[in-house]
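Descriptive structure summary
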Protein chains: 2
Amino acid sequence: MRAGDVAVLGIGSTTFGRHGGMPIEELATRAAADALRDAGVERQEVGALYLGNFISGPLNGQEVLAGMVADRLGLPNIPCTKVEGACASGGIAFRHAVLAIATGQCDVALVVGAETMTHASTADVTAALNCAMDNASDGASGLTFPGLFGMAWRIHAARHGTTRRQVSAVVRKNKRNGLLNPLAQMGAELSDEMIEQSPMICDPLQLYDCCPVSDGAAALVLVRRDRARGSGRLPVEVLASVQTRGASRIAGHSDLASFDATVSAASRAYAMGGIGPKDVDLCELHDCFSIAEVVDSEDLGIVPRGEGAAWAAEGRTAVDGEIAINPSGGLLAKGHPVGATGVSQIYEAVLQLRGQHANQVKNAEIAMTHNLGGTGVACTVSLLRRGQA
Amino acid sequence: MRAGDVAVLGIGSTTFGRHGGMPIEELATRAAADALRDAGVERQEVGALYLGNFISGPLNGQEVLAGMVADRLGLPNIPCTKVEGACASGGIAFRHAVLAIATGQCDVALVVGAETMTHASTADVTAALNCAMDNASDGASGLTFPGLFGMAWRIHAARHGTTRRQVSAVVRKNKRNGLLNPLAQMGAELSDEMIEQSPMICDPLQLYDCCPVSDGAAALVLVRRDRARGSGRLPVEVLASVQTRGASRIAGHSDLASFDATVSAASRAYAMGGIGPKDVDLCELHDCFSIAEVVDSEDLGIVPRGEGAAWAAEGRTAVDGEIAINPSGGLLAKGHPVGATGVSQIYEAVLQLRGQHANQVKNAEIAMTHNLGGTGVACTVSLLRRGQA
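Criteria and thresholds
- Residues numbered from 1 in each chain as written.
- Chains lettered and ligands numbered in written order.
- Predicted model: local features only at pLDDT ≥ 70, side-chain atom pairs only at ≥ 80, totals over all residues.
- Heavy atoms only, no water.
- Axes fitted to C-alpha atoms, helices over the stretch in contact; angles between N-to-C directions.
- Helix = DSSP H or I, 4+ residues; strand = E, 2+ residues; numbered from the N terminus.
- Parallel < 35°, antiparallel > 145°, perpendicular 65-115°, else oblique.
- Contact = heavy atoms within 4.5 Å.
- Nonpolar A, V, L, I, M, F, W, Y, C, P; charged D, E, K, R; others polar.
- Salt bridge = Lys/Arg side-chain N within 4 Å of Asp/Glu carboxyl O.
- Buried < 20%, exposed > 50% of the residue type's maximum accessible area, 1.4 Å probe, protein only.
- Expected span 1.5 Å × (residues − 1).
- Least-squares fit on C-alpha atoms with pLDDT ≥ 70 in both.
- Phe/Tyr/Trp six-rings, centres within 6.5 Å; stacked < 30°, edge-to-face > 60°.
- Buried area = accessible area lost by both parts, 1.4 Å probe.
- Polar contact = N/O pair within 3.5 Å; in protein donor to acceptor, adjacent residues only side chain to side chain.
- Pairing = 2+ DSSP bridges.
- pLDDT = per-residue confidence, 0-100.

Residue and element names in this part refer to chain A. Contact geometry of helix 4 (residues 89–102) with helix 15 (residues 338–354) gives a least axis separation of 5 Å together with a crossing angle of 55°. The orientation of helix 4 relative to helix 15 falls into the category oblique. On the side of helix 4, the interface is formed by Ser89, Gly90, Gly91 and Phe94, while helix 15 contributes Gly339, Gly342, Val343 and Ile346. Across the contact of helix 4 with helix 15, the residue classes tally to three nonpolar, five polar and no charged.

Residues and elements named next belong to chain A. For the structure shown, the criterion picks out 54 salt bridges over all chains. A salt bridge links glutamate 26 to arginine 72, with the shortest nitrogen-to-oxygen separation between them at 3.3 Å. Placement of glutamate 26 in helix 1 (residues 24–39) and of arginine 72 in helix 3 (residues 65–73) is noted, with a sequence separation of 46 residues between them. Given a relative accessible area of 31%, glutamate 26 falls into the partly exposed group. The class of arginine 72 is buried, set by a relative accessible area of 18%.

So, on to helix 8 (residues 164–179) of chain B. Here helix 8 of chain B spans 23 Å end to end across 16 residues, near enough to the 22 Å set by a 1.5 Å rise per residue. Inspection of helix 8 of chain B places B:Arg164, B:Val167, B:Ser168, B:Ala169, B:Val170, B:Val171, B:Lys173, B:Asn174, B:Lys175, B:Asn177 and B:Gly178 among the buried residues, and these make up the whole buried set.

Take the relation of the copies chain A and chain B next. The transform that puts chain A on chain B rotates by 180° and translates by 0.0 Å along the axis, for an RMSD of 0.0 Å. Here the copies are linked by what is in effect a two-fold axis. Here 100% of the interface residues in chain A have copies in chain B that are interface residues too; the copies meet face to matching face.

Time to look at unusual backbone geometry. Residue and element names in this part refer to chain A. Cis geometry marks the peptide bond from aspartate 203 to proline 204, where omega comes out at 10°. For proline 204, the position within the fold is in the loop between strand 5 (200–202) and strand 6 (205–206). Unusually for a residue other than glycine, asparagine 363 sits at a positive phi of about 55°. Within the fold, asparagine 363 resides in the loop between helix 15 and strand 11 (366–373). On the accessibility criterion, asparagine 363 (60% relative accessible area) is exposed.

Bringing the side chain of A:Thr317 into the picture now. All names here are of chain A. Following the sequence through the fold, threonine 317 ends up in the loop between helix 13 (308–313) and strand 10 (324–325). On the accessibility criterion, threonine 317 (1% relative accessible area) is buried. Non-local contacts of threonine 317, meaning those with residues more than four positions away in its chain, are made with Lys173, Val303, Trp311, Ala312, Ile323, Ala324 and Ile325.

All names here are of chain A. Summed over all chains, the structure comprises four aromatic pairs over all chains. On the numbers, 5.1 Å between centres and 35° between planes, the contact of phenylalanine 149 with phenylalanine 289 is tilted. Note that phenylalanine 149 is positioned in helix 7 (residues 145–160) and phenylalanine 289 in the loop between strand 9 (282–284) and helix 12 (290–299), a separation of 140 residues in sequence. Neither phenylalanine 149 nor phenylalanine 289 differs from the other in exposure class; each is buried. One aromatic cluster in this structure is built from Phe149, Phe259 and Phe289.

On to the interface of chain A and chain B. Every contact between the two is made by 51 residues of chain A and, on the other side, 52 residues of chain B. Contact between chain A and chain B buries roughly 4,000 Å² in total, counting both sides, with carbon and sulfur atoms accounting for 45%. Counting the surface chain A buries against chain B, the share from its top three residues, A:Val64, A:Asn77 and A:Arg245, is 18%. Inspection of the chain A/chain B interface yields six salt bridges. A salt bridge links B:Asp134 to A:Arg72; the shortest N-O distance between them is 2.8 Å. Taken together, chain A and chain B are joined by 36 residue pairs in polar contact (both at pLDDT 80 or more). Looking at the side of chain A that touches chain B, the elements with two or more residues in it are helix 2 (56–60), helix 3, strand 3 (80–84), helix 4, helix 6 (135–138), strand 8 (236–245) and helix 11 (260–273) of chain A. For the side of chain A that touches chain B, a count of residues per class yields 22 nonpolar, 18 polar and 11 charged. Bridge analysis of strand 3 of chain A against strand 3 (residues 80–84) of chain B gives three bridges, and the strand direction is antiparallel. Each bridged residue has a counterpart across the sheet, and for A:Val83 the counterpart in strand 3 of chain B is B:Val83.

So, on to the packing of helix 8 (residues 164–179) of chain A against helix 12 of chain A. Residues and elements named next belong to chain A. One way to put it is that helix 8 packs onto helix 12 with a least axis distance of 8 Å and a crossing angle of 100°. As summarised for this structure, helix 8 and helix 12 are arranged roughly perpendicular, according to the angle between their axes. Of helix 12, the residues touching helix 8 (which contributes Val167, Val170, Val171, Lys173 and Asn174) are Ser290, Ile291, Glu293 and Val294. Split by residue class, the contact of helix 8 with helix 12 holds five nonpolar, two polar and two charged.

Residue and element names in this part refer to chain A. Along the chain, the position of glutamine 206 falls in strand 6. On the basis of relative accessibility, which here comes to 7%, the residue glutamine 206 falls in the buried class. At 2.9 Å, the side chain of glutamine 206 and the backbone oxygen of glutamate 196 are in polar contact. Setting aside residues no more than four positions away along its own chain, glutamine 206 makes contact with Arg164, Ile195, Glu196, Gln197, Ser198, Pro199, Met200 and Ile201.

Okay, the environment of B:Ser290 next. Residues and elements named next belong to chain B. Along the chain, the position of serine 290 falls in helix 12 (residues 290–299). Sequence separation between serine 290 and glycine 376 is 86 residues, and the spatial gap between their C-alpha atoms is 16 Å. Ignoring sequence-local partners within four residues, the contact set of serine 290 consists of Trp153, Val167, Val170, Val171, Leu205, Asp209 and Leu332.

Next up on the list: the confidence of the model for chain A. Residues and elements named next belong to chain A. With 99% of its residues at a pLDDT of 70 or more, chain A has an overall mean of 97. Averaged pLDDT values over the elements of chain A bottom out at 88 in helix 10 (residues 225–228) and peak at 99 in strand 9. Listed scores for the predicted complex are pTM 0.98 and ipTM 0.97.

A regular strand places its side chains so that they alternate between the two faces of the sheet. All names here are of chain B. The element strand 8 (residues 236–245) is largely enclosed, with a buried count of 10 among its 10 residues. Both strand 1 (residues 6–13) and strand 8 contribute to a ladder of two bridges, which runs antiparallel. Note on strand 8: the bridge partner recorded for alanine 7 is glutamate 237. In this structure, strand 8 lies alongside strand 12 (residues 378–386), joined through nine bridges in antiparallel fashion. Considered in strand 12, the bridge of glutamine 243 is made with threonine 380.

So this is what it looks like as structure tokens:
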């Protein structure tokens, strides 16, 4: 694959939050129609559709979403595929669309990510989210995702001296970034005290350490890079798109404060893109919990091992810091409609590289995105670069 | 894509039927381990895994199956992707593995299809299967899949004079073929009277016109064709692998006795494979209902339009007929563990082309497989040819 032959030409997204029971296929179709309009491509040009979704089956009784969205958009008779890898479903959809273009399957591909969750009861959402665990192995342990990330925090604190106050800085930063993102579900100006007095969810994770339950959809139009030239639009080049796997069972991880799938995906992405961590100006990463941002940022190599929380506390991961992490607000503030998240991260990165983000990282040239599924069983990492019109 | 660069080197399958609540990932892992053993490839050689599954979320509360199966097999850190397109999920998984090899992503790819259904109540299975319909549009109509195919039968009968007795010949043939297939769930020697006196399900569909509810898994090892040479095994070459879409809404179909997605997939497959319908020796097609075989065989061009049922009644689609249709027993007799079906069809075709099938089609050189999803929203057609050791 030569990922460098692929460019993102159009983007679209709904707001993340509560959509009052709007059907998932309608949300997805709106985001996709926006992306097609933004790219200025005709529907007849689209040669493949990949849709990332995780739990529309359990929560909506609705699958075959890829074909349903194509039908509503009036796309031609093209392969339409739903892909699933838990919370990494969106990133996997993006990678497959990149592959479709890079390998010459088509010149224009549409990526959609979508999830609706807020219409369901908390019990149903929790049960559906647990479809992402290896239940035969881990179901009986009593661990849900907060439990797993709570353990990661404990380990990180024991090993590196990470404090509650340092982790609060991650929450404050992402919630504040979310305030500036018009699509975000839960931006807020929070004090350390508000965070640290919020209800305990799963010790040491408190309420504001956890991402919300969300509805939302995002979409991207990818094209061959030469198709982007002369389009009058600023393309964003795909430098790398990598998909890896890790252990599906919690006991299979050699270290609970690091995800092998992230480490290997980042390493391969840097090699594919021909750049290093210091070249990355901003990163949209998978902060399903505050501590996840800490672990992810270290696994990706953009922050030194053990210093993820300290860097946040020192402002080094702020929009004007050494590396901007989650300027969108991330999952914590923008929200986490699961299947949409990986696509939304690219959406946010593209806005930054176009210089059009409401919470703009100055002179952003290279962006990284990171999408993690299950207990680390699936991961995607992408690198994007500002192109030339 | 040059599908001709890809060969099927190994196959594996569980029996189809009742597996007594065995977890879906265990069934899938067994089939995959069999396929790897059959191919004689090492686990470390596998470069991608595609898993077709439809309703493990609703029925098992378990997703991320691709990573779970890779974990149990001990595969390396490779991209592991679940794909979904309702009943065409297995065929879509096969196509993506073909693409992965044909485009140089890897030299060895593993395809798995799996579903477990018999542990669930009839109501839960029916609700889960309806995830394949476009429910916002068609849910309120009261049509489930038997309703749709019952209408197809009525139209076919009105247009072509197709009789109950002719359609019974499809059932008799497939049930008898199933008797010779050691993996089949419901082979039987049936008389026309037994079929025509069986309970009415959805007029005119009676009990034996409908495929059973099944558990099962199937797997394939695909390799670059030059990797197959000197392996000491008879490879089966992939001549074509095509994926199409049709209308997701029933009202979007211009004709209920034909599926656009099948017609276009077959046409593209013939063009890609450089052969015509008369070159096909056997076809494993998507007979979820008896009348579906009639419609599919006509849509695929292997039987003249309107004569699908008549050909079955005249024995022309029997194992020793002009074209052998569903010598495996098809979905009607082998069973229909939904996500496994498209992979199982290739499994059966490969056994035939190796000359090793228990219900062998004499001198079989070229096989076709056809997998249809939802109300015709997704379709895959593949063409396979016996290779040389």
